[in-house]
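# Examining the three-dimensional arrangement
Read off the chains here:
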Amino acid sequence: MMCRMKEDSIVVRRAGWLTAQIGDDLMMMNAESDFYLNLSGSGGRIWELLEQPRTVADLCEALAREYEIDPEAARPEVTAFLDELLLRKAIDVDPPTVA
Amino acid sequence: MGSPRFGPYVLCGWRVLSDIALPELPAWSAALPEEQNLIIELGALSHYGAAMDFAVTEKEGAILRIPEVASFHVHAAGDRVTLQIEANADPLDVRAYLYGSVLALLCYKRGLFPLHGSSVLLNDAAIILSGPSGFGKSTLAAALARRGHPLLCDDVCAIDMKTSGQPLLRPAFPRVKLLPDVIAKVQLEAAVTYTLAELGTKGHFGMASFPSAAVVSHAVPVAAIYALDLPAGDAVERTLLTGKAAFVFLDSQTHRGGMGRELGLHVQLFRHIVALASSVPVYRLQRPSALERLDEVVDLLEVASHDRAATQAAGGTV
C-alpha cells in the first residue's frame, strides 16, 4: 500500500482494542469485530508510543533515537506499519488520508 | 416434574442432581466446597423448533440440538440443563454430548475457560494434553494413568481463572474415551474397566477408567499445557512455545470457541487465553506414532513434572 501520511499527520489509537503482553509479543483484539492482531518488536513499541497522540515525524524521531538509526531511514517502515494499523482500524490519522 | 432421581454427583466442582443416570461421575463428597447446584432435567424442547442446531437467546440461554441424539437447553444462569432425548438414542451418545459441548457451554456460563484436551495429575498439579481430535490426547492420558497418575478429565478441561491468582483445573471425571483398537494395542485391559455393552455400542469408542488411581474432585493448579503434534518422526521432545504461538494454539483449541463468541464472550475468551498463556508454559510435544514408544513420552512428562516440582520446592519459579 502506498504511504499517504504526512510528516505532521497526527496518529491516534482507536478505542475498542484490548491489548496484552505475552512474553515478547503484544496480542491485540478488537472487542467489536473479534479481530486479532499480533505486534512484536518495534511494532509493539510503536503501539506503546501511541499511548499519547503523536505526529508521524515525532514517532519516527522517537524510534530512531531508541534504535539508533536515522529518522529518515526509519520513516518508510514506520509509515508502512501505520498504514497496516490504519487498514486494521487500530488507529486514526488526522488529517484523514485520501484514497 | 419431581426432584431429580440421580446424584448428587460432582462435575467440575459443581454438585449435580440429575433425571438421568450419570455413571461416569464421582459421587458428591461433603468435603468439597459448597457451590451452586447443577440440575440436569428431562423436559420438552420441541417448542424451540428444529430450524437451527445452535441458538442463543439472552433471556433463555443456549439451545443445542444434536440430530438423532438429543436437544439440550443450557439455562442463562448456568445452573440448569434441560434435555429432550430422541427416540432410540444411545444413552452413551447423549452423555458424550453432555460431557462435551454442553459442559463447554456450562463453563462459559460460569466464567470458566474450556480447553479442548485431556488432563492428568502429576506431582499434585494438572498437566493438560491438548490438540485436535485424533492427535492422541486420550491415548497418552491413558498411558499416564497406567503409571498410576490420576485422570482428571477428557475432552473438556474446565479451567478456573478467577478463584486464585493461578489457573486451576476443575476435574470432570476420571475416564477417557478410547478406540477399542487402542485399548487392545496399549494392553490396557488389566488396568481398564468399562462395560462391554457400552464399549463400541456404535463401534466408535469405549469409556475407559483406571480403578487403581485415586479420584481427584478438587481443583488443582495447572502446571503445563502440551500442544500435541500428530505423532510422527523419531524424536520424543518438548519445545516451549513463544507468547504468540501459545496464544494462537490456545485460541485454536478453545472448546466450542465459536459458541463462546456467539454467547458474546469474546472479550472474556481473549482475557482467559492471555492469562493462561502468560502464567502456564505451553510446550509443543513431538513423539513417534508407534504405541510401543508411549512409555518414553510418559517418561519425559514425568521427569519434566518432577523437575518443575523440585524447582518450586526450592523456591524457584516454573
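Residues numbered from 1 in each chain as written. Chains lettered and ligands numbered in written order. Predicted model: local features only at pLDDT ≥ 70, side-chain atom pairs only at ≥ 80, totals over all residues.

## Focus on the overall build of chain A
A tally of helices and strands in chain A yields 3 helices and 6 strands. Secondary structure elements in chain A, listed N-terminal to C-terminal, are β-β-β-β-α-β-α-α-β. Here the C-alpha atoms of chain A give a radius of gyration of 13 Å, agreeing with the 13 Å that 2.2 N^0.38 yields for 99 residues. C-alpha atoms of chain A, sized along the principal axes, occupy 35 × 35 × 25 Å. Within chain A, the fraction of its 99 residues that count as buried is 21%. Counting only contacts in chain A whose residues sit at least 6 apart along the sequence, the fraction spanning at least 24 positions is 53%. (Helix = DSSP H or I, 4+ residues; strand = E, 2+ residues; numbered from the N terminus. Rg over C-alpha atoms; globule rule 2.2 N^0.38 Å. Buried ≥ 20, exposed ≤ 12 C-beta atoms within 10 Å, placed from the backbone. Contact = placed C-beta atoms within 7 Å.)

## Description of helix α3 (residues 71-87) of chain A
Residue and element names in this part refer to chain A. Look at α3: 24 Å from first C-alpha to last across 17 residues, which is about the 24 Å you get at 1.5 Å a residue. All of the buried residues along α3 are A74, R75, V78, T79, L82, L85 and L86. Where α3 is buried, its residues contact β1 (10-13), α1 (42-49), α2 (56-67) and β6 (91-94). (Expected span 1.5 Å × (residues − 1).)

## Description of the domain arrangement of chain B
Residues and elements named next belong to chain B. For chain B, the assigned domains read domain 1 (1-110) and domain 2 (113-318). Each partner contributes residues to the interface: domain 1 has 23 residues there, and domain 2 has 24 residues. Elements with a minimum of two residues in the side of domain 1 that touches domain 2: β1 (6-11), β4 (54-57) and α1 (91-109). A per-element tally of the side of domain 1 that touches domain 2 places α1 first, with 10 residues. Classifying every residue of the side of domain 1 that touches domain 2 by side-chain character gives 16 nonpolar, 4 polar and 3 charged. (Domains from an automatic or database assignment. Nonpolar A, V, L, I, M, F, W, Y, C, P; charged D, E, K, R; others polar.)

## Quick word on the pairing of strand β2 (residues 14-18) of chain B
Residue and element names in this part refer to chain B. Only one face of β2 is buried: it carries W14, V16 and S18, and the other face, with R15 and L17, is open. Two strands pair when backbone bridges link them, and β1 and β2 are joined in this way by 4 bridges, in the antiparallel orientation. In the strand pairing of β2, F6 is matched with S18. Linking two consecutive strands that pair antiparallel, namely β1 and β2, is a turn of 2 residues; a positive phi of about 55° is found at C12 within it. (Pairing = 2+ DSSP bridges.)

## Some details on helix α6 (residues 266-279) of chain B
In a regular helix each residue adds 1.5 Å, so 14 residues correspond to 20 Å; α6 of chain B covers 20 Å between its end C-alpha atoms and thus fits that length. What α6 of chain B keeps buried is the set H266, L269, F270, H272, I273, V274, L276 and A277 of chain B.

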